[in-house]
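Structural characterization, general
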Amino acid sequence: MRVFDVSSDRASALATRLSRAGYPVTAADTPDPSGFSLVVNATPLGMRPDDPLPLDPALLSPEMLVADVVMKPRVTSFLEQARARRCEIQLGEAVMLYQLDAQIEFFRENLVVGAPAAR
């Protein structure tokens, strides 16, 4: 796995956390998906029509599955570019749905029962 962020410190911090969890990961200096079969935009880029793309779509190839976490618009410019390059795409809403069980479990384990509600 390779992670990229415009902030190299954030990319390094995420790579370190994932490595500690047992995932083979490195922080990248550029958003280059070459050699990978799964490419995920996990940024908010794509929510606004004037947002730049998270990476150069010319680097995408048909054997890649390209996913986006952005849910609106349903098909982002990034996903449109990936589809135009014959990549299989995964919409943001589907990405979110696959995370629901993990989110529910997280809140069940971390919810303090009987704590007063925040106002």
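In case you missed it, the structure is sitting above this.
My aim in this report is to walk through the structure given alongside it, one point at a time. Residue positions are given per chain, counting from 1 as you read along its sequence in written order. Thresholds applied to this predicted model are a pLDDT of at least 70 for local features of residues and 80 or more for the giving and counting of side-chain atom pairs; totals over whole chains, interfaces and linings are not thresholded and use all residues. Calculation of side-chain values draws on the structure's entire complement of heavy atoms; hydrogens and water are dropped beforehand.

What follows is about the overall build of the protein. Helix and strand labels come from DSSP, where a helix needs a run of H or I of at least four residues and a strand needs a run of E of at least two; each type is numbered from the N terminus. Secondary structure summary: the protein contains 3 helices and 5 strands in total. When the elements of the protein are put in sequence order from the N terminus, they spell out β-α-β-β-β-α-β-α. When its C-alpha atoms are laid out on the principal axes, the protein stretches across 55 × 30 × 25 Å. Buried means the residue's accessible area, taken with a 1.4 Å probe over protein chains only, is under 20% of the maximum for its type, while exposed means over 50%, and partly exposed covers the values in between. Looking at the protein residue by residue over its 119 residues, the buried ones come to 27%. Put simply, the protein shows about 8,700 Å² of open surface, and 57% of that area lies on carbon and sulfur atoms. Counting rule for charge: Lys and Arg are taken as positive, Asp and Glu as negative, and neither His nor the chain ends is counted. Where a charge lies is defined by one atom per residue type: Lys uses NZ, Arg uses CZ, Asp uses CG and Glu uses CD. Of the charged side chains in the protein, 12 are positive and 15 negative; the average position of the first set lies 5 Å away from that of the second. Note on areas: these come from Shrake-Rupley sampling with a 1.4 Å probe, and a residue is covered only by the protein chains present in the view.

The next subject is the nonpolar core. In these notes, a set of buried Ala, Val, Leu, Ile, Met, Phe, Trp, Tyr and Cys residues joined through side-chain atoms within 4.5 Å is what counts as a nonpolar core. Of all hydrophobic cores here, the largest spans 11 residues; its members are Val 39, Leu 55, Leu 60, Met 64, Val 66, Phe 78, Leu 79, Ala 82, Cys 87, Ile 89 and Leu 91. The biggest single contributor to this core is helix α2 (residues 77-84), with 3 residues. Contacts: residue pairs with any heavy atoms within 4.5 Å of one another. The residues contacting Leu 60, other than those within four sequence positions of it, are Pro 33, Val 39, Leu 55, Val 66, Phe 78, Ala 82, Arg 85 and Cys 87. By size, the runner-up hydrophobic cluster in this structure holds 5 residues, among which are Val 3, Ala 11, Ala 15 and Val 25.

This next bit is on α2. Along α2, the positions that sit buried rather than exposed are Phe 78, Leu 79 and Ala 82. Angularly, the buried residues of α2 cover 95 degrees about the axis, an arc narrow enough to put them on a single face. In this structure, the buried residues of α2 make contact with β3 (38-41), β4 (65-68) and β5 (88-90). Positive phi appears at Arg 86, one or two residues downstream of α2, with a value of about 65 degrees. What the arc describes is the spread of directions from the helix axis to the C-beta atoms.

What follows deals with the packing of aromatic side chains. Ring pairs shown here join Phe, Tyr and Trp side chains whose ring centres sit within 6.5 Å, with only the six-membered ring taken for Trp; geometry is labelled stacked below 30 degrees between planes, edge-to-face above 60, and tilted in between. Counted by the stated rule, this structure contains 1 aromatic pair. When the ring of Phe 106 is compared with that of Phe 107, the centres are 5.3 Å apart and the planes differ by 80 degrees; the resulting orientation is edge-to-face. Its relative accessible area of 54% is what places Phe 107 among the exposed residues.

Turning our eyes to something else, we now look at the side chain of Asp 68. You can see Asp 68 is positioned in strand β4. Throughout this description, the term salt bridge denotes a Lys or Arg side-chain nitrogen within 4 Å of a carboxyl oxygen of Asp or Glu. Buried charge without a partner: Asp 68 forms no salt bridge, and the closest opposite charge is Arg 83, 11 Å away. As used in this structure description, the phrase polar contact means that two N or O atoms lie within 3.5 Å; if the pair is within protein, one of them must be able to donate a hydrogen and the other to accept it, and residues adjacent in sequence are counted only when both atoms belong to side chains. Looking at Asp 68, its side chain comes within polar contact range of the main-chain nitrogen of Val 70, at 3.1 Å. Of the polar contacts made by the side chain of Asp 68, one reaches the side chain of Thr 76; its length is 2.7 Å.

Lys 72 connects to Pro 73 through a cis peptide bond whose omega is 5 degrees. Following the sequence through the fold, Pro 73 ends up in the loop between β4 and α2. Positive phi values are uncommon outside glycine, yet Arg 86 reaches one of about 65 degrees. Within the fold, Arg 86 resides in the loop between α2 and β5.

Interpretation in functional terms is not warranted from these geometric data alone.
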